[in-house]
Amino acid sequence: MRCLNSIIVRRYPTSHSYSMLSGNYYSRALLISHGPIIQKQTCLPKVFQRGKSKSTKKISEIPQGLLAPLPPLEPPAPPGEPDYPTTIQQARNNMRKFPHCVLLTRVGGFYEMYFEAAEEYGPLLGLKVAQKRTSAGSIAMAGFPFTALDRFLKVLVQDHGKFVAVSEEYPNPEKGGLLFDRKITRVVTPGTLIDENFMDPGESHYLLAVTTGSGTESEKEVGLAWLDLSTGDFFTQGTTIGGVRADVARIGPREVVLLGSEYSGARESGLEEILRREQYFITIHSVDMRVVLREVKGWKDMIETKINKATVREMRGVEVQAGNVLLDYTQTRLPGMAMRLQPPVRRTMTDAMIIDSSTMRGLEITQTSRERSRRGALLNIIKKTTTQSGSRLLTNWIKSPITSITAIEHRLNLVETFKNDTYLKQDIESLLKRTHDSQRLLQRMSLARGGARDLVGLAHTIQITQKILERLNSEELTHAASVEQLTGDVDVPLKLAKRILNSIDEEGLLQHLRLRESEEEMAAALAEADEAIAGADYLDPAAADATTTTSSSTSKKTRIGSKVGRRMLSEKDTERAEAWIMQKSASETLESLHNKLDDLDQKRVDLETELTKRIGCAQSLTLRWTPRVGHICHVKGRDVDLDHKAIAGATRVSASKSTLSLQLPEWTELGIRIDGVRTQIRTEEQVVLQGLRADVMKSLSTLRTNASVLDRIDIACSFATLAREQNHVRPLLNLGVSHKIVGGRHSTVEAGLQGQGRTFTPNNCFVGDRERVWVITGPNMAGKSTFLRQNALISILAQVGSFVPAEVAEIGMVDRIFSRVGSADNLFKDQSTFMVEMLETAEILKYATPRSFVIMDEVGRGTTPKDGLAVAYACLHHLYHINQCRVLFATHFHDLTNLAKSFESVGCYCTDVTEDGEAFAFDHRVRPGVNRNSHALKVARLAGLSYLYLYYMPPNLPPKWSIRCYRVVPFLPFIPSFHHFSAGAEMHMLTGWCTIRDPRWGY
Ligand SMILES: Nc1ncnc2c1ncn2[C@@H]1O[C@H](COP(=O)(O)OP(=O)(O)OP(=O)(O)O)[C@@H](O)[C@H]1O
Ligand SMILES: [Mg+2]
C-alpha cells in the first residue's frame, strides 16, 4: 500500500485538463492510478499550479481511473512564443483560432484587444493603445468599457465590414484557478446581428446563402436560402444564374455566404462575379460536403415547428443545399446559441414581380440613385406605418410586388376598408402604436436573450391584439370578408398574457431596470477609473482573476483586492436596493420566501429598536451591511459618544469623529439569514421567468402569426392614409397586358414640387393595347423621364396592394419591370458608362416577356449620334418584334420616330416648351406627336452655363448664336466689372437678378 502524499498536477494555461507533471502534454487523456490510493482526510496533498494560481485539493477531488473524454486540446503555443499570463494566452489562442476576426476579450468591466489587433484597430476605434507589462514582456493592448460594445461593434462590423469574435467570461466552476473562464460566444458579422441597438428596426437584416446546381450558362440552377436572425424569418427559393441578380436585389442581404470554392461552381458559373459586381458583402464558407447534402429533416433542431410537408416536397436540391450552408454558417457564428427559426417559407420565381437591382436603383424605390439617401425615394414618401415591424414588412413588399390578383385584391380591400372608415383606422392605429415589436421580442426569447421586460411587452401586445380584433368586429366593414380572411388565423393567447402580467411586477421591474442602468453606469465609471489607475503599470487581468496569488507585489494585490471589492460592492449595493421583478404570488415558493423575508425584516426592525433603546436611545442607529466589514451597527452624530459596551458582544470595528461602527453577532447572524432568503428569492424569480419563457415558446408560432397579421393591418392603414392624403385611387387589375392610366402622377416628384409651392401636371398613358410602344420625344427638362418612371411606379404600387397616384388606373399584371434610366459607370469593374448601359440594355432584351413592362430612357446616348441612333433603333426593334412587351421609350434621337413609322403599334408622343417672347416655360403635358426641338440651350442657361459660354465665346460667332446668348444670371456684385457685359446690364435689385445684354448682339 502506498500513500501518495502529494501529487503535482499541472494545469495548462489554455485547457481545463490536468496531466502528471512528468507526463507528456498529449498524454493527459488518461490518468491511471498506480495501485490503491489511501484517502485520508488528514492527508491533504498540496496541489500546485503553475504560475500565480495555487490552490489545495483533497485527494478525493482528483479524478481517479479513466477520465471522461476531454474537449479537444487547444493548440500549444508555437515554439519560441513567450509564456504569457493565462488570460493573454487564451486571447492569443482565440486569435489563432479565428484569424479573420477582430477578437474582443471580456475582462471585468472591459472588452480588450491585444497584440497586433490592438495596434491595428485601436486607432481605428479611437482608443489609446497602451503597452501592458506582463511576465512575458510588454504587449500592445487597447480596451473599452463593456457598456460601449454596441458602439464599437457598429464601427467594426457595420461601418468597416469586419468580423468580430466576442469572448465572454463565465464563472469558472472549478475550484482554484481562474475566477472566470472565457469562451467565444459569437462571431458578429454584418449578416448575423441579433438585437444590437444600432440595427435599423425598420429594415430586415438578411443573411443569404447561395449555391449552384446543374445546368449551363444562364439556365444554371441556383439555390437561395435567407434568414433574419432578429426575427427568425427563414426563406428559400430556387432560381437560375440569369435571374439571380434580380432575386438577390429583392432580398437585399447584409451578407452573402458562398460555399468554399472546393465545392461550389460559384466562380466558374460567374455567380461570384455577378454578386461582387453588385457590391454585396460576400463571405466564403467552407462546409463539409456531408453537411451540404443533408436533408431538410436535419434542420428540425433549429426550426420552431414542423416544416410543411408540401414545402419540403417542392424544395429543389439546390435550395436545400443553400439552406444547409446557411444554417451551418449561422451555427458557427453563434456557437452554443439554441436557435428557433420560423419554418422556411418557399418563394418561387413567379410569385413576385421581378425588379432587378438597376431598376430598383433607377426607379429610386428604397433610396435615391445619386445620394443613396432614403429621403426622396418612393418608400420614404409612401411609408405611413405605425410600427417598426410594419415598416419592415412594407420595405420587403415594395421590393417584391406580387403577381396574384386574388392576393392583391385582398390587400386592396383592406386598404379600402380603412380608407372609407377614418375613425376605425385611427382607432386601430392608436392601438398599434401601443404594441411592441413582437417579431423581435419573440426571436430574442427563442435565443434565450429575452428578459422580464420583453415578456411584459409581449403580454401587452397580446392584449392589444385582442382589442384590435374586437374593434374590427365592432361594426360593418366595407370588405368584411377580406378582414375575416386576414384575421381568421389569429388566436389570441390571452391566458398567457394574464399569466405574465400576474407574475411580473411591472413597477418593481421598472425600478430594477433603473437600478441596473445606474449599476452599469457605475461599472463603466469604475472600469474607466481602473484604466486611469492602470496607466503605465496596467493591472494584470490574469492576476485579477486569481483566487490566490503568489505575486510578491503587495501594491498590486491591494489593487486587485480593491477591484474585486468594487465589483462585489456593486453587486451587494444592488442587492441592498433590490427591486423584485416578480409578484409575490407568482409561485408558492416565492410567496413563502417573501413571507420568510418579511418575518426576518421585522426581526431586523425589532432588533434595531431594541438596540436603540439599549444604548441610550441612539436615534441614528441603523443595521447595515458594508463591503469592507460586513454586517454592522452604525451610529453617527451625537450618538458616537454612546457607550457601546451596553450591548453585550458588540465590538468596535471602526470609528471616526462622526461615525461609529460596531459588529454584533446577533445582527451578523440575522443579516446572513436575510441575505440567504434574498438570494433564494432571486433564484426563484429566475425559475418563474424561465417558466414564463417556456410558456411563450409553446405559443411561439401562434404569436408569430399574430404579429404578422398586425403588420399587414398596419400596412393597410398606412396605404389608406396615403390614399387619403395624396388622393390615390384604387387600381383595377386584370390579366391583360395593357397599362391604362388617366391623370397619373409621380409621387416623389409631386411631393418635391409641393414643397416648392408648385403643382404637378398629371398625364395619361395608354400603352400595351393599341399601341404597344410609346416613343417619347421633347425638350430637355420637360418631363419625359418623370413620365416613364411614374408609370413604372404606378404598376409597382398597384401590385404591392396600394392605391395609386392617378384618376383612373387599369393595369394588366406585370411579371417583370425593367428600367434603363440614368447613367452610371463601374470603373473599378472595368466598365465605362456606355458599357454599363449596354449591359443593362442587353439584360432587358434577353429577359423581357410579353407580360413585362419596360421603360427605356435615352438608350444610345453617350456615344456618337450615328452609333447611338443605331443602338436605340436596334433596341426598339428587338423590344417590338421579339420581346413584344409594353415599352415607354424616351429619346432625343428624333429620327427614331421616322425609322419606327413602319411599326404598326408604335405611338409617338412628346412634351413641350411654351414660349412667350423671351420667357419660356416647360409644359409637362404629354401629347401625341413628335417634338424635334430640344431647347437644350435654354436649359443650359437656366443651369447657369451661359456665362462660361460667353466668356469663352470666340469673337466671330455666327449671328444666330450671338442673338441667343443673352442671359439671366444671379445678381453678383462683381458681374458689372466684366467690361464686355457692363454696357447693357440691367439690374433688378428687388428680385436679385440682373439681365445682361451686350449691344454688339443687336437687341
Ligand atoms: N408632370 C410634371 N409636372 C410638373 N413638373 C414636372 C413634371 N414632370 C417633370 N417635372 C419637372 O421637370 C423636371 C425634369 O423632368 P425630367 O427629368 O422628367 O425631364 P426630361 O424630359 O427627362 O429631361 P431630359 O431630356 O433633360 O432628361 C423634374 O425634375 C420635375 O421637377
Ligand atoms: Mg430625362
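Residues numbered from 1 in each chain as written. Chains lettered and ligands numbered in written order. Predicted model: local features only at pLDDT ≥ 70, side-chain atom pairs only at ≥ 80, totals over all residues. Heavy atoms only, no water.

The name that an unreviewed UniProt entry assigns to the protein is DNA mismatch repair proteins mutS family domain-containing protein, with the source organism given as Tuber aestivum. Looking at the Sequence similarities (unreviewed entry) heading of the UniProt record, one finds this comment for the protein: "Belongs to the DNA mismatch repair MutS family." (UniProt positions renumbered as here; feature names shortened; annotations may be inferred.)

A. Up close: the sheet that holds strand β16 (residues 345-347). If you trace the six strands from one edge of the open sheet to the other, you get β15-β14-β11-β12-β13-β16, paired in mixed fashion. Both edges of this open sheet fall to β15 (282-285) and β16, since each of them pairs with a single strand only. Direction aside, neighbouring strands of the sheet carry axes that sit 25 degrees apart on average. The pairing of strand β12 (residues 221-228) with strand β13 (residues 233-240) spans eight bridges and is classified as antiparallel. Opposite Glu221, over in β13, you have Thr240 as the bridge partner. In this fold helix α8 (residues 317-333) packs onto β11 (206-212), β12, β13, β14 (255-259), β15 and β16, with an angle of close to 35 degrees to the strand it touches most, β12. (Pairing = 2+ DSSP bridges. Helix = DSSP H or I, 4+ residues; strand = E, 2+ residues; numbered from the N terminus. Axes fitted to C-alpha atoms, helices over the stretch in contact; angles between N-to-C directions. Contact = heavy atoms within 4.5 Å.)

B. Looking closely at the UniProt feature "domain: DNA mismatch repair proteins mutS family" (unreviewed entry) in the protein. In the numbering adopted here, UniProt assigns the feature "domain: DNA mismatch repair proteins mutS family" (unreviewed entry) to residues 852-868. Helix and strand shares over residues 852-868 are 24% and 29% respectively, and the end C-alpha atoms of the span are 24 Å apart.

C. Local environment of the packing of helix α12 (residues 405-420) against helix α13 (residues 422-433). The N-to-C vectors of α12 and α13 enclose an angle of 105 degrees; their axes lie 5 Å apart at closest approach. Here α13 runs roughly perpendicular to α12, going by the angle between their axes. Along its contact with α12, which presents Thr417, Phe418, Lys419 and Asn420, the element α13 presents Thr422, Leu424, Lys425 and Ile428. Here the contact of α12 with α13 is built from residues that sort into three nonpolar, three polar and two charged. (Parallel < 35°, antiparallel > 145°, perpendicular 65-115°, else oblique. Nonpolar A, V, L, I, M, F, W, Y, C, P; charged D, E, K, R; others polar.)

D. Quick look at the pattern of salt bridges. Evaluation of the coordinates by the stated rule reveals 42 salt bridges. A salt bridge links Arg499 to Asp695; the shortest N-O distance between them is 3.0 Å. Of the two residues, Arg499 is situated in helix α17 (residues 494-503) and Asp695 in helix α22 (residues 665-698); the sequence distance between them amounts to 196 residues. Among the residues examined, Arg499 registers a relative accessible area of 39% and is labelled partly exposed. The class for Asp695 is buried, based on a relative accessible area of 16%. For Asp912, the salt bridge identified is with Arg927, shortest N-O distance 2.8 Å. Of this pair, Asp912 sits in strand β30 (residues 906-916) while Arg927 sits in strand β31 (residues 919-928); the two residues are 15 residues apart in sequence, bridging distant segments of the chain. (Salt bridge = Lys/Arg side-chain N within 4 Å of Asp/Glu carboxyl O. Buried < 20%, exposed > 50% of the residue type's maximum accessible area, 1.4 Å probe, protein only.)

E. Structural context of the sheet that holds strand β23 (residues 739-744). Spatially, four strands are ordered β22-β26-β23-β24 in an open sheet, and the strand pairing comes out mixed. The open sheet terminates on both sides in strands that have one partner only, identified here as β22 (732-734) and β24 (763-767). Averaged over all adjacent pairs, the angle separating strand axes in this sheet is 15 degrees, with direction ignored. Summarising the sheet, β23 and β24 pair through four bridges and their orientation is antiparallel. The residue bridging His739 from the neighbouring strand is Val767, located in β24.

F. Here's a closer look at the nonpolar core. Counting residues in hydrophobic clusters, the biggest one holds 136 residues, and the most contacted among them are Val696, Ile713 and Ile796. With 12 residues, helix α23 (residues 700-725) is the largest single contributor of residues to this core. Not counting chain neighbours up to four residues away, the residues in contact with Ile713 comprise Phe418, Ile428, Leu432, Ile468, Leu472, Leu486 and Thr487. Counting 70 residues, the second largest nonpolar core, distinct from the first, contains Val157, Val292, Val320 and Met337. (Core = buried A, V, L, I, M, F, W, Y, C linked by side-chain atoms within 4.5 Å.)

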